[in-house]
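Residues per chain are reported as follows:
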Amino acid sequence: MQVKVSQLTPGCVLLKDVFGKTKRSIMPKNTVLTELHIQILEKFLIDSVEVSSKLENGKLFIPKKIDNRLEKHPKISNEKKDITLFENHFYHVIEEYKKQFNSWRRGGPIEITQIRNVLFPLLERTEDIEKQVKYIHKYLDKQDYNYFHSVVVSILSSFIARKMELDKSKWLQVGLAGLLSDAGMAKLNPNNTIELKKHPAYSYRLVENLKGIPNDVKLAVLQHHECADGSGYPLGLTLEKIHLFARIIVVCDAYFTMIFQRKLSPFQAMEEIHKARISKFDIRIIQVFMKSLVNLSIGSKVKLSNDKIAEIVFIDSDQLTRPMVRLVDNGEIITLKNNNEIHIIKWVEE
């Protein structure tokens, strides 16, 4: 059966070889898919694959439902863009990053001056980012996910660094590191799926000899998948050995990956990150991240997973994503921290 990659689950069995855009085999038939395999298929922008109707364990394979919650915005054309509009500017940076990435695939160097000239003006739009950051996942374009992911991680990372009151030069550096953290994906061997976890090292090799990039940025690029408990990669570092910039980026990367790959709402993703804060992340950064991104207030409206619109009536500072709400249609009060069946899907824009 032919299914979208987003519908796959671990245990699916490939019935045909999977080929990338270069016509080279990425995965052979009869591969039993794991979460890592599925992630690799997404990274290589594979749309659909042929799999058995039964899982490896003999159970019937039931494809995941396709999630249509994320609104897809129209792509900006390659014609002249009015980048005074934030959305146009955002897509412009994605297109420029895509050109750079494809150059790295062909063996070209990182043109760091050009990257800074393209990226920094977007990151400096602080007022626009304040307004857009919690809705930015809505701009998702699956066909350009790799490039989209890198630009969003850059924006989120610089935003959180600024909320941590790092000076401007530092939060711009964090944003630069966030953008370049997945540059090594351009050097992945599509025939070796194990190499996915080596991409931070590949990214580091692309930047380690570049003049004009601080060592802080280079370390963040190398360490952006390290975890507090030492379970990360490529070096298995523990919290005290991980650079602050990398600690910021790993949170932002995890948040957006959960939204795209696991199809969680922003609030669900933040709850998952909050649960993992002690073992995986720097707790101080999680506190800033939650307060800055949840950004709920008494009286604001949200959409719930039961399709109801509700108004916030009380917020527990220890459980920011699960406040007390009043349903707009009938006035019923629901305390979300005591009701695991219902969660917030999204903010309701005024």
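Look up: the structure comes first, before these words.
Residues numbered from 1 in each chain as written. Predicted model: local features only at pLDDT ≥ 70, side-chain atom pairs only at ≥ 80, totals over all residues. Heavy atoms only, no water.

Right, let's get into the sheet that holds strand 7 (residues 324-327). In spatial order, the strands read 8-7-6-5-9; together these 5 strands make up an open sheet with antiparallel pairing. In this open sheet, the two edge strands, each paired with only one partner strand, are strand 8 (333-335) and strand 9 (344-347). Strand-to-strand twist across the sheet, computed as the mean angle between neighbouring axes with direction ignored, equals 40°. In terms of strand pairing, strand 7 meets strand 8 through 3 bridges, oriented antiparallel. Its bridge partner lying in strand 8, valine 325 is registered against isoleucine 334. (Pairing = 2+ DSSP bridges. Helix = DSSP H or I, 4+ residues; strand = E, 2+ residues; numbered from the N terminus. Axes fitted to C-alpha atoms, helices over the stretch in contact; angles between N-to-C directions.)

We now examine the pairing of strand 5 (residues 301-304). Of the two faces of strand 5, only one is covered, namely that formed by Val302 and Leu304; the face formed by Lys301 and Lys303 stays uncovered. Where strand 5 and strand 6 (residues 309-314) come together, 3 bridges link them in antiparallel fashion. For lysine 303, the partnering residue across the bridge sits in strand 6 and is isoleucine 309. Two successive antiparallel strands, strand 5 and strand 6, enclose a turn made up of 4 residues, where aspartate 307 displays a positive phi of approximately 70°. (Buried < 20%, exposed > 50% of the residue type's maximum accessible area, 1.4 Å probe, protein only.)

Here the focus is the packing of helix 8 (residues 215-223) against helix 9 (residues 244-261). Where helix 8 contacts helix 9, the axes come no closer than 8 Å and their chain directions differ by 40°. The orientation of helix 8 with respect to helix 9, classified from their angle, is oblique. The way helix 8 lies across helix 9 gives a crossing that is right-handed. Packed against helix 8, whose contacting residues are Asp216, Val217, Ala220 and Gln223, the element helix 9 presents Phe245, Ala246 and Ile249 at the interface. A per-class count over the contact of helix 8 with helix 9 returns 5 nonpolar, 1 polar and 1 charged. (Parallel < 35°, antiparallel > 145°, perpendicular 65-115°, else oblique. Left-handed = near helix turned anticlockwise from the far one by under 90°. Contact = heavy atoms within 4.5 Å. Nonpolar A, V, L, I, M, F, W, Y, C, P; charged D, E, K, R; others polar.)

On inspection of all chains with the given rule, the structure shows 16 salt bridges. Arginine 247 is paired through a salt bridge with aspartate 282; the nearest N and O atoms lie 2.9 Å apart. Note that arginine 247 is positioned in helix 9 and aspartate 282 in the loop between helix 11 (277-280) and helix 12 (283-294), a separation of 35 residues in sequence. Take arginine 247 and aspartate 282: they sit in the same class, and that class is buried. For arginine 262, the salt bridge goes to glutamate 272, with nearest N and O atoms at 3.6 Å. You can see arginine 262 sitting in the loop between helix 9 and helix 10 (266-275) and its partner glutamate 272 sitting in helix 10, a full 10 residues away along the chain. A relative accessible area of 26% places glutamate 272 in the partly exposed class. One salt-bridge network, in which partners are shared between bridges, spans Glu130, Arg162 and Lys163. (Salt bridge = Lys/Arg side-chain N within 4 Å of Asp/Glu carboxyl O.)

With that settled, consider the pairing of strand 6. Bridge count for strand 6 against strand 7 is 4 bridges, and the pairing is antiparallel. Counterpart to glutamate 311 in the pairing with strand 7 is arginine 326.

What follows covers the side chain of glutamine 268. Mapping glutamine 268 onto the fold places it in helix 10. The exposure class of glutamine 268 is buried, given its relative accessible area of 18%. A polar contact is formed between the side chain of glutamine 268 and the side chain of histidine 343, at a distance of 3.1 Å. (Polar contact = N/O pair within 3.5 Å; in protein donor to acceptor, adjacent residues only side chain to side chain.)

A word on the environment of isoleucine 213. Tracing the sequence through the fold places isoleucine 213 in the loop between helix 7 (199-207) and helix 8. The buried category is assigned to isoleucine 213, whose relative accessible area is 6%. Residues isoleucine 213 and arginine 247 lie 34 residues apart in sequence; the distance between their C-alpha atoms is 19 Å. With near-sequence residues (within four places) excluded, isoleucine 213 lies in contact with Ile112, Leu180, Val207 and Lys218.

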